[in-house]
Amino acid sequence: MSDATPERRTAVPGLTVTQDNEFFFTAAREGRLEIQRCTDCKTLRHPPGPACPSCRSFEWDTVESTRRATLHSWTVVHHPQDPAFTYPLAVGLVDLEEGTRLVADISGVDHADLRRGFELEVGFAEHAHGEVLPQLRPAATTGGAE
């Protein structure tokens, strides 16, 4: 075993964009949150995928989200660090008003103030890689309070 310090990665992989999720990233660049919907059984799904998990149909379209969300769970990440984000980084799992869930980083809230049920809204932020991704922020109407 070598005592040499392993080199730190400097190149961070970009997003993996497919024909099934391209709509999501295009909408994000335009400031919209789009959710995939099965056109046969109307089930909403996120993350996007090629087939409906409910009826196995390959037919889908999208619906635009209200971007209103409630915090379901979260974690504060310290490592590993990606230069596209500022650390420590709060990452939340939210229940969107439409009934699906989304994972995104949380901005504008002291980490100690986070709690289950915290009202958030989905905004968008450009990251160091030049990609525009969803970002959770306190709901404008309530400041995050229930």
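Heads up: the structure comes first, above all this text.
What counts as what
Residues numbered from 1 in each chain as written. Predicted model: local features only at pLDDT ≥ 70, side-chain atom pairs only at ≥ 80, totals over all residues. Heavy atoms only, no water. Helix = DSSP H or I, 4+ residues; strand = E, 2+ residues; numbered from the N terminus. Buried < 20%, exposed > 50% of the residue type's maximum accessible area, 1.4 Å probe, protein only. Contact = heavy atoms within 4.5 Å. Areas by Shrake-Rupley, 256 points an atom, 1.4 Å probe, with all protein chains shown as cover. Pairing = 2+ DSSP bridges. Axes fitted to C-alpha atoms, helices over the stretch in contact; angles between N-to-C directions.

Observations regarding the overall build of the chain
Phase 1 of the analysis: Along the chain, the regular secondary structure elements total one helix and eight strands.
Phase 2 of the analysis: Its helices and strands taken in sequence order, the chain reads α-β-β-β-β-β-β-β-β from the N to the C terminus.
Phase 3 of the analysis: Burial status across the chain gives 36% buried among its 146 residues.
Phase 4 of the analysis: By sequence separation, contacts in the chain at least 24 residues apart represent 49% of the contacts at least 6 residues apart.
Phase 5 of the analysis: If you sum the accessible surface of the chain, you get close to 8900 Å²; carbon and sulfur atoms cover 49% of it.

Here's the deal with the pairing of strand S4 (residues 68-77)
Phase 1 of the analysis: Pairing analysis gives three bridges linking S4 to strand S7 (residues 119-126), with the strands arranged antiparallel. Of the residues in S7, the one forming a bridge with Arg-68 is Glu-121.
Phase 2 of the analysis: For S4 and strand S5 (residues 89-96), the ladder comprises eight bridges, and the chain directions are antiparallel. Directly across from Val-76, in S5, lies its bridge partner Ala-90.

Comments concerning the environment of Ala-51
Phase 1 of the analysis: Inspection of the secondary structure puts Ala-51 in the loop between strand S2 (44-45) and strand S3 (60-64).
Phase 2 of the analysis: A relative accessible area of 22% means that Ala-51 is categorised as partly exposed.
Phase 3 of the analysis: Taking the C-alpha atoms as reference points, Ala-51 and Asp-20, separated by 31 residues in sequence, lie 9.3 Å from one another.
Phase 4 of the analysis: When neighbours within four sequence positions are excluded, Ala-51 is seen to be in contact with Arg-45, Arg-56, Ser-57 and Phe-58.

Looking at the sheet that holds strand S8 (residues 132-138)
Sheets are built from strands paired through backbone hydrogen bonds, the pairs being either parallel or antiparallel.
Phase 1 of the analysis: In spatial order, the strands read S4-S5-S6-S8-S7; together these five strands close into a barrel with mixed pairing. Taking each pair of neighbouring strands and ignoring which way they run, the sheet shows an average axis angle of 45°.
Phase 2 of the analysis: Strand contacts of helix H1 (residues 22-29): strand S6 (101-106), S7 and S8, with the helix running at about 60° to S8, the strand carrying the most contacts.

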